[in-house]
Amino acid sequence: MADFNAMTEALIACDEEKVVQLVNAALSENVPAFDILNKGLIAGMDIVGEKMESGDMFIPEVLMAAQAMGSCVKILKPLLKEGESASSGTVVIGTVKGDLHDIGKNLVAMMMESAGMTVHNIGVDVPPEEFVKQIKDKNAQIVCLSALLTTTMPMMKKTVDAIKESGLREKVKIMVGGAPVTQIFADEIGADGFAPDAGSASKLAKSLAN
Ligand code: B1M
């Protein structure tokens, strides 16, 4: 029986060794990787966020928790595959300028790769002109913008505008996501789609690519 609470607690305690051990133990009991990710790890990061907001956790600790989460994601990555292999579209994904959060964006990239898409993950703090360059260079059909801060959401609009100004708008579908982003915001800034999580982002990307 997987102990999701213990995973959550180990993550909050920034105990990488323990959380990795719990993840491996759950996998050896055939607990689905998606359950481990959602019920143990993402649930833990949500509490880390609350503690950060209330001043009960500070940036260095949050980084340690994020690192522990990253190690677990590496273990889960091969198990989260959807079982398809043919490339079903080329995606450029990045976190917008001013924003350094990348765990969720990397999960989205991973799910898309697992779903058979060719994914170019261009990192964090990506300025609008770099998105434009990468869309051109990689001949992408889809670009995914991630933002975790309300203060960096306007950068999504600037990126959409830069894509329009570059003349690429008709060639590329724009998707947006990240905890503060909503469908209403996506519509307001002229994006083609919004996804609240990695699984739905991957499904939406495939349908937009087709
Ligand atoms: Co930051 N941080 N952080 N942080 N941090 C949040 C986002 C926050 C909500 C915490 C809080 O106060 N409760 C808050 C934002 C408040 C707001 O604006 N609304 C916050 C803040 C304020 C800050 C700083 C400003 C703190 C400071 O310095 N005073 C600072 C900003 C730095 C910067 O970016 N310029 C900062 C820094 C950091 C760390 C560097 C310490 C670290 C990031 C490490 C890293 O990413 N490598 C960090 C972390 C870890 C968090 C929390 C705790 C966890 C984020 C996370 O990884 N979640 C976060 C609180 C929270 O979200 N509960 C918080 C797990 C991840 C799987 O979920 O990223 O939501 P998420 O991704 C999901 C979906 O959103 C979606 O799919 C993903 C998977 O299902 N998705 C997409 C994401 N991108 C998508 C793109 C798509 C589609 C879907 O494209 C189509």
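Each chain has its residues counted from 1, following the order in which its sequence is written. Thresholds applied to this predicted model are a pLDDT of at least 70 for local features of residues and 80 or more for the giving and counting of side-chain atom pairs; totals over whole chains, interfaces and linings are not thresholded and use all residues. For side-chain calculations, the full set of non-hydrogen atoms in the structure is used, while hydrogens and water are omitted.

**Concerning the sheet that holds strand 5 (residues 193-194)**
1) Next: Sheet architecture is open: 5 strands sit in the order 2-1-3-4-5, paired in parallel fashion. Only two strands of the sheet have a single neighbouring strand rather than two, namely strand 2 (118-121) and strand 5.
2) Next: In short, DSSP must find at least two bridges between two strands for them to pair. Note on conventions: DSSP H or I runs of at least 4 residues are helices, E runs of at least 2 residues are strands, and numbering of each starts at the N terminus. For strand 1 (residues 90-95) and strand 3 (residues 142-146), the ladder comprises 5 bridges, and the chain directions are parallel. Residue pairing in the sheet places I93 in a bridge with C144 of strand 3.
3) Next: By definition in these notes, contact holds between two residues if any of their heavy atoms fall within 4.5 Å. Only C-alpha atoms enter the line fits that serve as axes; for helices the fit covers just the stretch in contact. Angles between N-to-C directions range over 0 to 180 degrees. Packed onto the sheet, helix 6 (residues 128-138) meets strand 1, strand 2 and strand 3 and runs at close to 160° relative to strand 1.
4) Next: Contacts from helix 7 (residues 153-165) reach strand 3 and strand 4 (173-177), with the element oriented near 155° to strand 3.

**Quick look at helix 2 (residues 16-28)**
1) Next: Each residue after the first adds 1.5 Å to the expected span of a helix. Over its 13 residues, helix 2 runs 18 Å from end to end, which matches the ideal 18 Å to within 8%, given 1.5 Å per residue.
2) Next: Only protein chains enter the accessibility calculation, which uses a 1.4 Å probe; a residue whose area is less than 20% of its type maximum is buried, one above 50% is exposed, and one in between is partly exposed. All of the buried residues in helix 2 are V19, V20, L22, V23 and A26. Projected down its long axis, helix 2 shows its buried positions confined to an angular sector of 160°, all on one face. Exposed residues on helix 2 whose side chains face more than 90 degrees from its buried face are E17, Q21 and S28. Taken from the helix axis, the directions to the C-beta atoms give the arc we talk about.

**Overview of the nonpolar core**
1) Next: Nonpolar cores were defined as sets of buried Ala, Val, Leu, Ile, Met, Phe, Trp, Tyr and Cys residues, with membership established by side-chain atoms within 4.5 Å. Membership of the largest hydrophobic core comes to 49 residues, with the highest contact counts inside it found for I36, L41 and M112.
2) Next: At the level of elements, helix 1 (4-12), helix 2, helix 3 (33-54), helix 4 (59-76), strand 1, helix 5 (103-114), strand 3 and helix 9 (198-209) are the ones that each hand at least two residues to this core.
3) Next: Beyond its immediate sequence surroundings of up to four residues, I36 is in contact with F4, M7, V23, A26, L27, V31, L41 and L76.

**Brief notes about the coordination of the cobalt atom of the ligand**
1) Next: Note: metal donors comprise N, O and S atoms at 2.8 Å or less from the metal (3.2 Å for Na, K and Ca); water molecules are not included, so apparent gaps in a site are possible. Donation to the cobalt atom of the ligand from the protein comes from one atom only, H101 (NE2), at 2.1 Å.
2) Next: Along the chain, H101 turns up in the loop between strand 1 and helix 5.

**A few points about the pattern of salt bridges**
1) Next: For this analysis, a salt bridge means a side-chain nitrogen from Lys or Arg found within 4 Å of a carboxyl oxygen belonging to Asp or Glu. Summed over all chains, the structure comprises 5 salt bridges.
2) Next: Among the salt bridges present, the one from E113 reaches K77, with a minimum N-O distance of 3.5 Å. You can see E113 sitting in helix 5 and its partner K77 sitting in the loop between helix 4 and strand 1, a full 36 residues away along the chain.
3) Next: Take E113: its relative accessible area is 37%, and that puts it in the partly exposed class.
4) Next: For K77, a relative accessible area of 36% puts it in the partly exposed group.
5) Next: Between D161 and K157 there is a salt bridge; the shortest N-O distance is 2.9 Å. Taken together, the residues span about one helical turn, with D161 and K157 both in helix 7 at a distance of 4 residues.
6) Next: Classification of D161 as partly exposed rests on a relative accessible area of 22%.
7) Next: Since its relative accessible area comes to 35%, K157 is described here as partly exposed.

These figures come from the coordinates and say nothing about function on their own.
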